[in-house]
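The primary structure of each chain is shown beneath.
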Amino acid sequence: MTAERFLQSIDGISTFAGKAAAWLILGLMGLVCAEVFKRYMLNMPTAWIFDASNMLYGTLFMLCGAYTLAQNGHVRGDFLYSSMRPRTQASLDLVLYIVFFLPGIAALVYAGWDYAGDSWRIREHSNVTADGPPVYHFKAMIPLAGTLLLLQGMAEITRAAICLKTGVWPSRLKDVSEIDVVEEQLAHSEHVDDDVRRNAIAQAQEIEESARQRGMGGETQK
């Protein structure tokens, strides 16, 4: 397996997990809407919905971590990083991933495994309310999310090593971005002529590319 195939495979796993977890937003929205209706229209609040909402949001947040890392979308203080050459960026990334990222995420997986195991053994329920819902399945997301992050972290270390050797960031797996939405909206607009539409799309693409180049390592590809 080539390095590019290896990177794309891990990116694909992280992207699949993130997109699958994104569907939890629908469940979270449904719970919140149901609770608002019952609380304010029927005067019948449901105690366990608070716990369930927290678990849905927490699961979404944790499982999308690897996906965000695969898209290089985590917050970065790039006022210095953006002015560095690719090899310098890669050197910095490599040190930070090995010194901070790997030990921290490995500790998360190790501790999370025991934490989730204890919860499963006692069939733990939430103690926020008198009859709280089970939480052991939710706590199992901690080592799972850590494992996905650890896997994606290995891909990022590989990217940095390749960039050190070649001076160019390897490509990333492309996903839908804001510019795609802009293009779709402009394409179906009846109030914008062709020249204005082309210029607007070109400017939007230029802005997005400039922002990506300032801080994101690696070009994207479909």
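Cut-offs and rules
Residues numbered from 1 in each chain as written. Predicted model: local features only at pLDDT ≥ 70, side-chain atom pairs only at ≥ 80, totals over all residues. Heavy atoms only, no water. Helix = DSSP H or I, 4+ residues; strand = E, 2+ residues; numbered from the N terminus. Buried < 20%, exposed > 50% of the residue type's maximum accessible area, 1.4 Å probe, protein only. Areas by Shrake-Rupley, 256 points an atom, 1.4 Å probe, with all protein chains shown as cover. Salt bridge = Lys/Arg side-chain N within 4 Å of Asp/Glu carboxyl O. Core = buried A, V, L, I, M, F, W, Y, C linked by side-chain atoms within 4.5 Å. Contact = heavy atoms within 4.5 Å. Phe/Tyr/Trp six-rings, centres within 6.5 Å; stacked < 30°, edge-to-face > 60°. Lys NZ or Arg CZ within 6 Å of the ring centre and 35° of its normal. Expected span 1.5 Å × (residues − 1). Polar contact = N/O pair within 3.5 Å; in protein donor to acceptor, adjacent residues only side chain to side chain. Patch = residues over 30% accessible without salt bridge, like charges linked within 9 Å, V, L, I, M, F, W, Y side chains within 5 Å. pLDDT = per-residue confidence, 0-100. Axes fitted to C-alpha atoms, helices over the stretch in contact; angles between N-to-C directions. Parallel < 35°, antiparallel > 145°, perpendicular 65-115°, else oblique. Left-handed = near helix turned anticlockwise from the far one by under 90°. Nonpolar A, V, L, I, M, F, W, Y, C, P; charged D, E, K, R; others polar.

Caption draft 1: Summary view of the overall build of the protein chain. Across its full length, the protein chain carries 10 helices and two strands. Start at the N end of the protein chain and walk to the C end: the helices and strands fall as α-α-α-α-α-α-α-α-β-α-α-β. Buried positions account for 35% of the 222 residues belonging to the protein chain. Put simply, the protein chain shows about 14,000 Å² of open surface, and 65% of that area lies on carbon and sulfur atoms.

Caption draft 2: Looking closely at unusual backbone geometry. Positive phi outside glycine occurs at N72, with the angle close to 55°. With respect to the helices and strands, the residue N72 is situated in the loop between α4 (65–70) and α5 (78–81). Residue class for N72 comes out buried when judged on its relative accessible area of 12%.

Caption draft 3: Local environment of the pattern of salt bridges. Here the structure, examined in full by the defined rule, presents six salt bridges. Residue R39 pairs with E35 through a salt bridge whose shortest N-O separation is 2.8 Å. With R39 and E35 both in helix α2 (residues 24–40), this residue pair falls four residues apart, about one helical turn. On the basis of relative accessible area, E35 is assigned to the buried category, the value being 9%.

Caption draft 4: Region of interest: the nonpolar core. Counting residues in each nonpolar core, the largest one holds 22 residues, and the members touching the most others are L63, F101 and L149. Contributing elements (two or more residues each) for this core: α1 (3–22), α3 (48–63), α4, α6 (86–121) and α8 (141–166). Among the elements that make up this core, the one with the highest residue count is α8 (seven residues). Ignoring sequence-local partners within four residues, the contact set of F101 consists of L69, L96, L149 and G153.

Caption draft 5: How the structure looks around the packing of aromatic side chains. Within this structure, the stated rule accounts for three aromatic pairs. We note R123 situated over the ring of Y136; from NZ or CZ to the ring centre the distance is 5.4 Å.

Caption draft 6: Representation of the environment of T147 in the model. Secondary-structure assignment places T147 in helix α8. In sequence terms T147 and A66 are 81 residues apart; their C-alpha atoms lie 9.0 Å from each other.

Caption draft 7: Seen up close, α8. Taking 1.5 Å as the rise per residue, α8 with 26 residues should run 38 Å; its terminal C-alpha atoms sit 37 Å apart, in good agreement. One or two residues past the end of α8 sits G167, with phi positive at roughly 80°.

Caption draft 8: Main features of the side chain of D11. Position of D11 among the secondary structure elements: in helix α1. Classification of D11 as buried rests on a relative accessible area of 0%. At a separation of 2.4 Å, a polar atom in the side chain of D11 contacts the side chain of R159. The contact partners of D11, leaving out residues within four places of it in the chain, are A70, Q152, R159, R172 and L173.

Caption draft 9: Inspection of α1 at higher detail. In this model α1 runs 29 Å from its N-terminal to its C-terminal C-alpha over 20 residues, within 8% of the 28 Å that 1.5 Å per residue would give. Taken together, the buried positions of α1 are occupied by L7, Q8, I10, D11, S14, T15, A17, G18 and A21.

Caption draft 10: Region of the structure containing a nonpolar patch on the surface. On the surface, a nonpolar cluster with roughly 750 Å² of combined accessible area is contributed by V32, V36, F37, Y40, M41, L42 and M44. One can find V36 in helix α2.

Caption draft 11: Expanded view of the environment of K165. With respect to the element layout, K165 can be found in helix α8. Overall, the relative accessible area of 71% leaves K165 in the exposed class.

Caption draft 12: Main features of the confidence of the model for the protein chain. Of all residues in the protein chain, 81% have pLDDT values of 70 or greater, and the mean over the chain is 84. Mean pLDDT per element in the protein chain: strand β2 (residues 220–221) is the minimum at 46, and α8 is the maximum at 95. Counting contacts from residues 216–222, a segment whose pLDDT is below 50, to residues more than four positions away or on other chains yields 24 contacts.

Caption draft 13: Broad picture of the packing of α6 against α8. Relative orientation of the contacting elements α6 and α8 amounts to 165°, with a least axis distance of 8 Å. Accordingly, the angle class assigned to the pair α6 and α8 is roughly antiparallel. Crossing angle aside, the handedness with which α6 passes α8 is left-handed. Split into classes, the residues belonging to the contact of α6 with α8 amount to 23 nonpolar, six polar and four charged.

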